[in-house]
Amino acid sequence: MSAPSRDMSADDDGDVEITGATGFDALRDAPHARCHCLVHPIKAASGSNTSSCAFCVCFVCEQKPSACKAWTAHCNAVDSDPTWIAARHKCLRRNQAEANAPSAPRGPPAGPAYVPPVMPPGMTPAQLAQAMAMSAAMAAAQNAQLAAQALAKQAAREAEHEQDEHDEVTEEVFVIYTPKYVTLGSPHPDPVCETTSLAFAAVPMPTYVPIMPMPPGALSTLQAETLVYACQRFEKDNADGCRGGFFLGDGVGLGKGRQLAAIIYENWLRGRRRHLWFSASADLIVDASRDLEDIGAEKIPLHALNKLPYGKLESKSNGVMDGVIFATYSSLIAYSGNKTRMDQLVSWMKDGDAAGEGCVCFDEAHKAKNLCDESKEKDPDGERDQGDGGDGPKKKKKTGSSKTAVAVRDIQQRLPRSRVVYCSATGASSVKAMAYMVRLALWGPGTSFPAFSDFYKAIERGSTGALELVALEMKQRGSYIARQLSFHTASFQTKMVDLNEDERELYDGASRFWAKLFDSFVHANEMFKQQASEDEGDGKKRAGRLMSQFWGAHQRFFKQLVMSIKVRSVVATTKAALEEGKCVVIGLQGTGEARAADALASGANMDEFRAARAIIEKLVSRLPIGLPDPIGGGSDDWDDDEEDEYDHRAIPTGHVQVGGMRAQGAAQREARKRDNRNYADADSDDDDFEIDQYAQQRAQRRERDETRANPNDSKLVATLRAMPADRLREMLEKMGVSSRRLLERSQLLNAFVNQEEEQEALNDTSRCDVCDSCLESELMLCDGMNCEVAMHTFCCSPQLARVPKDEWLCSTCAPESPANGHANGKSSLSAAPAPAAAASSVVLVGGLSVPA
């Protein structure tokens, strides 16, 4: 078999393609499993792999596809999936048992050769015949009984086979979970389960007794179990001297936020009054506040880090003495000048009464999964950021780690006595994603693995089974709990919501508005880049972030819009469920609740407040018309509510220019304003006019380019290209083709070409005498006697707006009827007035219009 050479260093093996093969190949010319077939390569497990070659054999039952009773399922079996390997072993054991079992007779047993009966002495022939009849009847009854027993056994074996096949599909991988030792709290309202493999490990005997009050409804027994084992884990130190950590891996619906709030409240009552709570979005502070209130900890102050200025948190300007600081992962890597959020948080934690022993909760901890080997990250002598005059944070060598992952690791190292909780339902989906979990003591001093790289290599060699063993080990230590709601009786359904006319008009209007806004931001970004190119430092990078802000706001706006459109269908579904006596739970994401709270706090009129409008206003406020000022201004972290962990960086405020250079005094600022007087006034009407004028010119250029004649166009396309876009959309709608998603003129023209190709397949279609197209849209047939002229409304000269309601006659049948789409009743070229070349693109030939 010959194939192109393969670069073994490449990461993607999808570039290898077998172009030919010669000679005998065992995977092609000999019996082989279906998953190894070269003639019909296996597709995804969810695909259709029923096709097979003459040598394919079922991987599970080792039979030909025609003999396999479950081929539709077994055709997807692969030898790398543990589920299919277990099914193969089960099938082999069943076949072996059937082969060893004694076979039952399927018919009357073969008797000896026929021997004529011998009449006993003293027996008459009649008596002998009667005895023989009785003997035959008894033999027939015995044979019938044996046959019935054989059929019963065969039916039992088939039933067992069908049950095994059913078990392969519905094999239980979860078991109902109940706390083994902890009885605190109320029963959990819903059934909870855990994986079958994790159920083999038992949690240790609890020794910690919480002092937190638990009124009815505050915590369930499952949530109280997490509180006990987390605090029990905190009482033990790892071999490196750091306090042990806890991993909460519960799935959705178990109340992970309330469990984190309970851990904080328990430590608050024990005198530890300073805690950190990291999450993916700043809006989730509303949920954190609700969780603290639900467990009776509403008196614990909760502070949003993105609302606090840089500097010492205990100062009079901030006044954050105790409580919980709620921050996002992006704010953890933010800085302003030589001040960083990391230093701010570490200093606040260490200056408290507990000396850095408070809780550090990493909610949605998988945000820090991109961490490489720690030996590659160490750079104690890293250079300072020269864009800030050498006073910025140290620059680390570029590695594969994200800034967020490095920051999460660093804050754990700088707070060795803190009580760390990792909270994520997908935090241990792979070994590589666990590198930041340094407090679990899976590697490092006192373990079998000196570094994470050693741990990674060992577990990776063991595949999924080794990772399950790691989970079992952590559960037995009492440092890991992972449960989830049982969906045994649940069903899933996706419902499509059709837009009505008002909603469609609303969506189209929003799209047109954002298209105009895009042109304005493109123009502003070009001016900003021109200004930033004169600066030193990372001004160009910050100029590029302007469009990132635009697209982020664009996505959030349309997310709000689509959610509002779904409300109508959600209300109808909810009412129907309530009428059936069901309990309805509605999950909302990105509702804009945080922005509404900010508007309420600022005294805004809530009757006029709209979350989508607030998104646009915040975006427009960042439009850099006044270039010397930083984008956005203020003391908030740069895009603190975004989830991107690579490009987030706080924009310095006040004394730092756009290009990252430190201000050198009022004289230089005035000089910069004089050099850029065209852009300095943020409220200038001239700037607004210039942006609008640029957007208008851009739209005109686009329209001119789209309507420019193309020599490769057919006669039909050439005629349609010069028509207004609205007319093209109207024609498509009449043909039953939706044009809502056809934004460009080229897309509209392609739709007409597709319709023409579909109608070309019909033999009885008429053709236009001008463009020679069989497109039925706007095609008119002459009503004259024995006339077969056909013509589109847009091929006439002058063009007709629509097909006439009354009869239509061509120029030959009605030479004096210009209203029918003919400029002159004469049918000769010489009699027709010659149109100006620049004014029209068609001329009359025999009364018909064709492109010039």
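Structure: see above.
Let me begin by describing the structure that accompanies this report. Everything quoted here is computed from the prediction, not taken from an experiment.

Conventions we followed
- Residues numbered from 1 in each chain as written.
- Predicted model: local features only at pLDDT ≥ 70, side-chain atom pairs only at ≥ 80, totals over all residues.
- Heavy atoms only, no water.
- Core = buried A, V, L, I, M, F, W, Y, C linked by side-chain atoms within 4.5 Å.
- Buried < 20%, exposed > 50% of the residue type's maximum accessible area, 1.4 Å probe, protein only.
- Helix = DSSP H or I, 4+ residues; strand = E, 2+ residues; numbered from the N terminus.
- Contact = heavy atoms within 4.5 Å.
- Polar contact = N/O pair within 3.5 Å; in protein donor to acceptor, adjacent residues only side chain to side chain.
- Pairing = 2+ DSSP bridges.

1. Structural notes on the nonpolar core
In summary, soluble globular proteins display a tendency toward joint burial of nonpolar side chains.
Line of reasoning, step 1. By size, the foremost hydrophobic cluster in this structure holds 51 residues, and its most contacted members are L276, F278, F362, I411 and Y422.
Line of reasoning, step 2. Element by element, the count of residues in this core is highest for helix α11 (residues 463–477), at six residues.
Line of reasoning, step 3. Apart from residues no more than four positions distant in its own chain, F278 is found in contact with A327, T328, Y329, L332, L345, V360, C361, F362, D363 and I411.
Line of reasoning, step 4. Within the second largest apolar cluster, 36 residues are counted, among which are V182, V228, L292 and C361.

2. Some words on the side chain of Q344
Line of reasoning, step 1. Along the polypeptide, Q344 turns up in helix α8 (residues 341–350).
Line of reasoning, step 2. For Q344, a relative accessible area of 6% puts it in the buried group.
Line of reasoning, step 3. At a separation of 3.0 Å, a polar atom in the side chain of Q344 contacts the main-chain carbonyl oxygen of P309.

3. A few points about the pairing of strand β11 (residues 359–363)
Line of reasoning, step 1. Within β11, five of the five residues are buried, leaving the element largely enclosed by the surrounding structure.
Line of reasoning, step 2. A two-sided burial pattern is seen for β11, the buried positions comprising C359, C361 and D363 on one face and V360 and F362 on the other.
Line of reasoning, step 3. Where strand β6 (residues 274–279) meets β11, three bridges bridge the pair, whose relative direction is parallel. If you follow L276 over to β11, its bridge partner there is V360.
Line of reasoning, step 4. In this sheet, strand β12 (residues 419–423) lies alongside β11 in parallel orientation, the contact comprising five bridges. Counted as the bridge partner of F362 is Y422 from β12.

4. Focus: the sheet that holds strand β3 (residues 174–176)
Line of reasoning, step 1. The three strands are arranged β3-β4-β14 in an open sheet whose pairing can be described as antiparallel. The two strands at the open ends of the sheet, each matched to only one other strand, are β3 and β14 (484–485).
Line of reasoning, step 2. Where strand β4 (residues 192–195) lies against β14, two bridges are found, and the strand directions are antiparallel. Within β14, the position partnered with C193 by the bridge is Q484.

5. Some words on unusual backbone geometry
Line of reasoning, step 1. Notably, E62 is not glycine yet its phi reads approximately 55 degrees, a positive angle.
Line of reasoning, step 2. Within the secondary structure layout, E62 lies in the loop between β2 (56–57) and α2 (71–74).
Line of reasoning, step 3. Positive phi values are uncommon outside glycine, yet A441 reaches one of about 55 degrees.
Line of reasoning, step 4. Examined against the element boundaries, A441 turns out to sit in the loop between β12 and α10 (452–461).

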